[in-house]
Amino acid sequence: QMATFFGEVLSVYSRAVEEDEDDLSENEEDEQIRRELEEKSRVVHLHWNPEVSECLKSGDKLQCSDFILAVGHNAARFLSVHALASSHWDVVGHSLLWNERNDSTTAKTAVESACVFHRQKDNPSVWICQVTCYIAEDQLFQWIEKVFDCLQHREMNVTVLSDSSVAEYKAADYLRCSSAPFLRSLHSSAFRGQSVCPSLEQPNIITGLPAAVLNHCEVHRISAVVYQCYSDVVGADSVTMETYKPVLTRLGKSIQLDPSPSTDVLRKFTRTNIQSNLYI
């Protein structure tokens, strides 16, 4: 209520509230987003095959000597071409989540999921995870806690392959960016291996899932290294994919790298690339 100069008491409403309410009622897109937020959960769901599920239900952790995480289309497709195309791997699980930029909750199988876990048949302690979906900031901690809580940390080595745009790379000499694609690395204090590329120079940073994984490994004293590939090509690119090859070469004891994949395999994973003429 509000008193006038003449002593009248008038019932009034905040103009700001009225305008906000009008905007919400008129903006159907905002209403739709609001309804989706109310209906959908931002919980990260992990789904494992029966064998892995039984192991976890018994209270045991999954043996893991090497965990290779590929974040981004080029990193994920590189592993598909040079490692997972062989018959030496089993799909053992997948992750589903929903956020404003990603909706993987409708995926019915691991094949349809944008976050898939593979385990090597001959050496079940070697794992690969491919992530091509967006994981929001408020879901990163949840994803990492749930995944790493399933794995045995003792003597585990984590390797992250991460895609990034060269536009995000900061250097005093910008001619250096003309050599894209190129790799830069960051590692946890527990990492004792030899990096295959120079360290990421300041003031450059890593963000998203790779940064969250590295932070988790640093806190829990797990050996981890992130290889960030800076590329000037948007989308899947065969040249960018090849940039990751030295990383798997170093992991040769754990993963058998296929140096010369078949043409059919290359076409399957590079057919969307219109900027590279290596594979047609």
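Coordinates for the structure precede this section.
In this text the structure is predicted, and so the values were computed from the model without any measurement.

Draft legend 1. How the structure looks around the overall build of the chain. Helix and strand counts for the chain come out as nine helices and twelve strands. Relative to its 280 residues, the chain shows a buried fraction of 44%. Long-range pairs, those at least 24 residues apart, make up 74% of the contacts in the chain between residues at least 6 apart in sequence. As displayed, the chain offers around 16,100 Å² of accessible surface, 50% of which is attributable to carbon and sulfur atoms.

Draft legend 2. Molecular detail of the pairing of strand 12 (residues 223-231). Counting buried residues along strand 12, nine of its nine residues qualify, which places the element largely inside the surrounding structure. Along strand 12, one buried face is formed by Ser-223, Val-225, Tyr-227, Cys-229 and Ser-231 and the opposite face, lined by Ala-224, Val-226, Gln-228 and Tyr-230, is buried too. Judged from the nine bridges that link them, strand 10 (residues 157-165) and strand 12 form a sheet pairing that is parallel. What sits directly across from Ser-165, in strand 12, is Ser-231.

Draft legend 3. Examining the nonpolar core more closely. Phe-67, Leu-69, Phe-117, Trp-143, Phe-148, Val-158 and Leu-209 are the most contacted members of the largest nonpolar core, which has 44 residues in total. Put simply, the parts of the chain that give this core at least two residues each are strand 4 (66-71), strand 8 (115-120), strand 9 (126-131), helix 5 (137-148), strand 10, helix 6 (208-219) and strand 12. Contacts of Trp-143, omitting those with residues within four sequence positions, involve Val-44, Leu-69, Ser-95, Leu-97, Cys-115, Phe-117, Cys-129, Val-131, Ile-135 and Leu-209. Among the nonpolar cores identified, the runner-up in size contains 25 residues, and Ala-75, Phe-191, Met-241 and Val-247 belong to it.

Draft legend 4. View of the environment of Ser-223. When you line up the elements, Ser-223 lands in strand 12. Sequence separation between Ser-223 and Met-156 is 67 residues; the distance between their C-alpha atoms is 6.8 Å. Contacts of Ser-223, omitting those with residues within four sequence positions, involve Met-156, Asn-157, Val-158, Ser-188, Ala-190, Phe-191 and Arg-192. At 3.3 Å, the side chain of Ser-223 forms a polar contact with the side chain of Asn-157.

Draft legend 5. Region of the structure containing the sheet that holds strand 4. Taken together, the eight strands give an open sheet; going across it, the order is 3-5-8-9-4-10-12-11, and neighbouring strands pair in mixed fashion. Each end of this open sheet is capped by a strand with a single partner; those strands are strand 3 (45-48) and strand 11 (182-187). Between one strand axis and the next, the sheet turns by 20° as a mean value, whatever way the strands run. Pairing of strand 5 (residues 89-96) with strand 8 involves five bridges; the strand directions are antiparallel. Note that in strand 8 the partner of Gly-93 across the bridge is Phe-117.

Draft legend 6. Inspection of the side chain of Ser-53 at higher detail. Relative to the helices and strands, Ser-53 is located in helix 3 (residues 50-57). Separated by 3.3 Å, the side chain of Ser-53 and the backbone oxygen of Trp-48 make a polar contact.

Draft legend 7. Representation of the pattern of salt bridges. Summed over all chains, the structure comprises seven salt bridges. Across the pair Glu-100 and Arg-42 runs a salt bridge whose closest N-O atoms are separated by 2.9 Å. Of this pair, Glu-100 sits in the loop between strand 6 (98-99) and strand 7 (102-103) while Arg-42 sits in the loop between helix 2 (28-39) and strand 3; the two residues are 58 residues apart in sequence, bridging distant segments of the chain. By relative accessible area, which is 51% here, Glu-100 ends up exposed. The structure contains a network of salt bridges with shared partners spanning Arg-42, Glu-100 and Asp-138.

Draft legend 8. Highlighting the state of the cysteines. The tally for this structure, following the rule as stated, stands at zero disulfides. Cys-129 carries a free sulfur, and the closest cysteine sulfur to it, the one in Cys-115, is 4.0 Å from it.

Draft legend 9. Region of the structure containing the packing of aromatic side chains. If you walk through the whole model with that rule in mind, you get eight aromatic pairs. Pairing Phe-117 with Trp-143 gives two aromatic rings, centres 6.3 Å apart and planes at 20°, and the pair type is stacked. With Phe-117 in strand 8 and Trp-143 in helix 5, this residue pair connects regions lying 26 residues apart in the sequence. Each member of the pair, Phe-117 together with Trp-143, is buried. The interplanar angle of 75° and the centroid separation of 4.9 Å between the aromatic rings of Tyr-169 and Phe-182 together place this pair among those described as edge-to-face. Remark: Phe-182 occurs in strand 11 and Tyr-169 occurs in the loop between strand 10 and strand 11; sequence separation between them is 13 residues. Under the relative-accessibility criterion, Tyr-169 is labelled buried at 2%. An aromatic cluster of at least three residues, connected via ring pairs, comprises Trp-48, Phe-117, Trp-127 and Trp-143. Here the guanidinium or amino end of Arg-101 rests over the ring plane of Tyr-134, the centre of that ring lying 3.9 Å away.

Calculation rules
Residues numbered from 1 in each chain as written. Predicted model: local features only at pLDDT ≥ 70, side-chain atom pairs only at ≥ 80, totals over all residues. Heavy atoms only, no water. Helix = DSSP H or I, 4+ residues; strand = E, 2+ residues; numbered from the N terminus. Buried < 20%, exposed > 50% of the residue type's maximum accessible area, 1.4 Å probe, protein only. Contact = heavy atoms within 4.5 Å. Areas by Shrake-Rupley, 256 points an atom, 1.4 Å probe, with all protein chains shown as cover. Pairing = 2+ DSSP bridges. Core = buried A, V, L, I, M, F, W, Y, C linked by side-chain atoms within 4.5 Å. Polar contact = N/O pair within 3.5 Å; in protein donor to acceptor, adjacent residues only side chain to side chain. Axes fitted to C-alpha atoms, helices over the stretch in contact; angles between N-to-C directions. Salt bridge = Lys/Arg side-chain N within 4 Å of Asp/Glu carboxyl O. Disulfide = S-S within 2.5 Å. Phe/Tyr/Trp six-rings, centres within 6.5 Å; stacked < 30°, edge-to-face > 60°. Lys NZ or Arg CZ within 6 Å of the ring centre and 35° of its normal.

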